[in-house]
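What follows is each chain in one-letter form.
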Protein chains: 2
Amino acid sequence: MVGTGPGPIEFLCPRARDAIENAQTVAGYQTYLDLISELLRPEQDIIGSGMMQEVDRCKRALGLALDGKTVALVCGGDPGIYAMAGLVFQLARLQDMAVDIEVIPGIPALSACAALLGAPLMHDFAVISLSDLLTPWKLIEKRLKLAAQADLVIVIYNPASKKRRLHIQKAAELILETRSPATPVGIVTSAYRQDQSVHLISLDDLAKGAIPVNMQSTVIIGNSRTFSWNGRMITPRGYEDKYGL
Amino acid sequence: MVGTGPGPIEFLCPRARDAIENAQTVAGYQTYLDLISELLRPEQDIIGSGMMQEVDRCKRALGLALDGKTVALVCGGDPGIYAMAGLVFQLARLQDMAVDIEVIPGIPALSACAALLGAPLMHDFAVISLSDLLTPWKLIEKRLKLAAQADLVIVIYNPASKKRRLHIQKAAELILETRSPATPVGIVTSAYRQDQSVHLISLDDLAKGAIPVNMQSTVIIGNSRTFSWNGRMITPRGYEDKYGL
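Residues numbered from 1 in each chain as written. Chains lettered and ligands numbered in written order. Predicted model: local features only at pLDDT ≥ 70, side-chain atom pairs only at ≥ 80, totals over all residues. Heavy atoms only, no water.

Enquirer: How do you make sense of the packing of helix H3 (residues 54-66) of chain B against helix H4 (residues 85-94) of chain B when you look at a structure like this?
Expert: A pair of packed helices is characterised by two quantities: the angle between their axes and the separation of those axes. Residues and elements named next belong to chain B. Running from N to C, H3 and H4 point in directions that differ by 60°, and their axes come no closer than 10 Å. The orientation of H3 relative to H4 falls into the category oblique. Of the two elements, H3 crosses H4, and the hand of that crossing is right-handed. In contact with Glu54, Val55, Cys58, Lys59 and Leu62 of H3, H4 contributes Leu87, Val88, Leu91 and Ala92. Considering only residue class, the contact of H3 with H4 consists of seven nonpolar, no polar and two charged. (Axes fitted to C-alpha atoms, helices over the stretch in contact; angles between N-to-C directions. Helix = DSSP H or I, 4+ residues; strand = E, 2+ residues; numbered from the N terminus. Parallel < 35°, antiparallel > 145°, perpendicular 65-115°, else oblique. Left-handed = near helix turned anticlockwise from the far one by under 90°. Contact = heavy atoms within 4.5 Å. Nonpolar A, V, L, I, M, F, W, Y, C, P; charged D, E, K, R; others polar.)

Here it is as structure tokens:
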């Protein structure tokens, strides 16, 4: 399981690169394979697949590993955050497979997006996916409400898909119950890729759908102390209370 | 602001490496500078400093940048998560400094520790620091309780220091109010460094202080569905409910 980070090779750590270069088979969602195409060699077997084919992809990778092949199963971001690492372990466990599985971490979307926004994750935060394909919407709502009550910065993964257009506005409305309309919100789409966009808006504007989001977007909602300055979004850690600055 | 990830150079991405190699001055906590010492060149100014000197370190780095120097301010993990990125922006803002600040993300401790444990972060999670140096303990308690009620996986940063030995046990007790004593808990200390240790225990044992933690430890507490298998900690995403496996 290899994490490729936000996408460009300059964010791929050497350990991940070695794993990809030394694998006999490289498998992954085609979009991520395209981003690292310069690393792939003609003698490697390459298995590209589409969205929503995660179960098949992981089963094929495990089957090859059982046959003695070294397989790099590539994920964008970090394979350990809403990605395929869990599914691989679950499948291996179901058949009690004797396969060595190593997870090589990558820079997750939450880190890439925070870096482009400034410093929104300097204090406690929650990471919540709005995808209700595998999780009931009621549970997602409960988590959003409690995270807002806890005054956690909230990082939203999967804010929208073609079928889910209004979930992000519903989420913003729930958070508005306990957080100021002026709360800074950062929206990053396609971080560090060619079509990157970075927006800094208010929670109120998020609820109104002011900036479109899609499957490549991550949304970060500030806590009660987050402020914006010079186009950056900053959550203070508390040094100013303790030491003055 | 440059993130060096868990420490060894094999986890440092090329963009971070370039920033360090091309800087005129490299500043950081001495422990992190030691981990990347092979990258440092004799003609660079190196400013190593101790713990708790964050404010001074950031002020010096900003002062040099104002004088036109290119400065790499190095942080372990990700500079954007409980690290110095926020402080740098706050200081720059106070004096309205005309300095270009770029944050280069790194692999955060939460990703490194999750990778070593298996796949504990496959579903929604909260990240909470137990350090009450800059945050009132009452607020930390409130966040732990609400995160537990939300059934979020909970990642605990700064679980202990020399002065704070029992906070992690108190945190475990709070979480036990709403979560099973058998909940899997992963404890990783010094991830990917020479003295690395990885333990998988129960929430009940965490409350009893079964495994010592220190400033280099990260603790991950599973949600109600997290299980352990073959020494790994796995939080299911929900594929098994939707598709069967």
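Enquirer: Mind showing me how you'd approach H3 of chain B here?
Expert: Since the α-helix packs 3.6 residues into each turn, any two residues three or four apart lie on the same face. Residue and element names in this part refer to chain B. Taking 1.5 Å of rise per residue, the 13 residues of H3 would be expected to cover 18 Å, and the 18 Å separating its terminal C-alpha atoms lies within 8% of that figure. Inspection of H3 places Glu54, Val55, Arg57, Cys58, Ala61 and Leu62 among the buried residues, and these make up the whole buried set. Down the axis of H3, the smallest arc covering the buried residues is 165°, so these residues share one side. Of the exposed residues in H3, those oriented more than 90 degrees away from the buried face are Asp56 and Arg60. Of the residues one or two after H3, Gly68 is the one with positive phi, at around 95°. (Expected span 1.5 Å × (residues − 1). Buried < 20%, exposed > 50% of the residue type's maximum accessible area, 1.4 Å probe, protein only. Arc of directions from axis to C-beta.)

Enquirer: Is there a simple way to think about the domain arrangement of chain A in this case?
Expert: Often, the extent of an interface is quoted as the loss of accessible area upon association of its parts. Residues and elements named next belong to chain A. Per the domain assignment, the segments making up chain A are domain 1 (2-94) and domain 2 (109-234). Just the C-alpha atoms count here: the centres of domain 1 and domain 2 sit 28 Å apart. In this assembly, ten residues from domain 1 lie in contact with eleven residues from domain 2. Each partner contributes to the roughly 820 Å² buried at the junction of domain 1 and domain 2, and carbon and sulfur atoms together form 69% of this total. Of all residues in domain 1, the largest losses of buried area upon contact with domain 2 belong to Pro6, Ile81 and Tyr82, amounting jointly to 53% of the total for that side. Viewed at the interface, domain 2 and domain 1 are joined by zero salt bridges. If you look at where domain 1 meets domain 2, you find three residue pairs in polar contact (both at pLDDT 80 or more). Split into classes, the residues belonging to the side of domain 1 that touches domain 2 amount to nine nonpolar, one polar and no charged. (Domains from an automatic or database assignment. Buried area = accessible area lost by both parts, 1.4 Å probe. Salt bridge = Lys/Arg side-chain N within 4 Å of Asp/Glu carboxyl O. Polar contact = N/O pair within 3.5 Å; in protein donor to acceptor, adjacent residues only side chain to side chain.)

Enquirer: Looking at this model, I keep getting lost on empty space enclosed by the protein. Mind explaining?
Expert: Sizing a probe to match a water molecule and rolling it over the atoms shows the empty space that remains. The full count for this structure, using the stated rule, is three cavities of 30 Å³ or more. Of the voids in this model, the largest cavity is the one considered here, and its volume is about 70 Å³. Contributing to the lining of the largest cavity are 17 residues, with Cys13 and Ile107 of chain A together with Phe11, Cys13 and Ile107 of chain B lying nearest its centre. Each residue belonging to the lining of the largest cavity can be placed in one class, and the counts come to ten nonpolar, seven polar and no charged. Volume-wise, the second largest cavity comes out at about 40 Å³. Contributing to the lining of the second largest cavity are Ser129, Ser131, Leu134, Thr135 and Ile140 of chain A together with His123, Asp124 and Arg237 of chain B. (1 Å grid on protein atoms, 1.4 Å probe; cavity = no way out; pocket = protein on both sides within 12 Å on 5 of 7 lines; lining within 4 Å. Points joined across faces, edges and corners; volume = space filled by probe spheres on them.)

Enquirer: It is not clear to me how the relation of the copies chain A and chain B should be interpreted in this structure. Could you clarify?
Expert: Related by rotation about an axis and a shift along that axis, the two copies of the chain form a pair. Between chain A and chain B, the superposition needs a rotation of 180° and an axial shift of 0.0 Å, giving an RMSD of 0.0 Å. Overall, the copies show the geometry of a two-fold rotation axis. The fraction of interface residues of chain A whose copies in chain B are also interface residues reaches 100%, indicating that both copies meet through the same surface. (Least-squares fit on C-alpha atoms with pLDDT ≥ 70 in both.)

Enquirer: What exactly am I supposed to notice about the interface of chain A and chain B here?
Expert: Each partner contributes to the interface: chain A provides 75 residues, whereas chain B provides 76 residues. Between chain A and chain B, a total of about 7,000 Å² is buried, with carbon and sulfur atoms accounting for 62% of that surface. Viewed at the interface, chain B and chain A are joined by six salt bridges. A salt bridge links Arg15 of chain A to Glu10 of chain B, with the shortest nitrogen-to-oxygen separation between them at 2.8 Å. Linking chain A with chain B are 26 residue pairs in polar contact (both at pLDDT 80 or more). Taken together, the residues that form the side of chain A that touches chain B break down as 47 nonpolar, 13 polar and 15 charged.

Enquirer: What is the right way to look at the packing of aromatic side chains in this model?
Expert: The description of an aromatic ring pair rests on the distance of the ring centres and on the angle between the ring planes. Per the stated rule, a full pass over the model turns up six aromatic pairs over all chains. Ring geometry for Phe11 of chain A versus Tyr192 of chain A: centroids 4.4 Å apart, planes at 45°, classification tilted. Of this pair, Phe11 of chain A sits in the loop between strand S1 (2-3) and helix H1 (14-21) while Tyr192 of chain A is found in the loop between strand S8 (184-189) and strand S9 (197-202), placing the two residues 181 residues apart along the sequence. Assigned by exposure class, Phe11 of chain A and Tyr192 of chain A land together as buried. Over the aromatic face of Phe227 of chain B sits the side chain of Arg93 of chain A, whose NZ or CZ is 3.9 Å from the ring centroid. (Phe/Tyr/Trp six-rings, centres within 6.5 Å; stacked < 30°, edge-to-face > 60°. Lys NZ or Arg CZ within 6 Å of the ring centre and 35° of its normal.)

Enquirer: What should I look at first to understand the nonpolar core in this one?
Expert: Here is a general trend for soluble globular proteins: nonpolar side chains tend to be buried in one another's company. With 128 residues, the main nonpolar core has Ile20, Leu110 and Phe125 of chain A together with Leu110 and Phe125 of chain B as its most contacted residues. Once residues lying within four places of it in the same chain are set aside, the contact partners of Ile20 of chain A are Val2, Thr4, Leu12, Val26, Ile36, Leu39, Leu40, Gln44, Ala72 and Val74 of chain A. Ala171 of chain A together with Ile154, Ile168 and Ile221 of chain B belong to the second largest nonpolar core, which has 58 residues in total. (Core = buried A, V, L, I, M, F, W, Y, C linked by side-chain atoms within 4.5 Å.)

Enquirer: What is the right way to read the pattern of salt bridges from this model?
Expert: The full count for this structure, using the stated rule, is 18 salt bridges over all chains. In this structure, Arg41 of chain A and Glu43 of chain A form a salt bridge, with 2.4 Å as the shortest nitrogen-oxygen distance. What makes Glu43 of chain A exposed here is its relative accessible area of 58%. One salt bridge in this structure joins Glu141 of chain B and Lys138 of chain B, with 3.4 Å as the shortest N-O distance. Here Lys138 of chain B and Glu141 of chain B lie together in helix H6 (residues 137-149), a separation of three residues that amounts to about one turn. In this structure, a network of salt bridges that share partners links the residues Asp124, Asp151 and Arg179 of chain A together with Arg143 of chain B.

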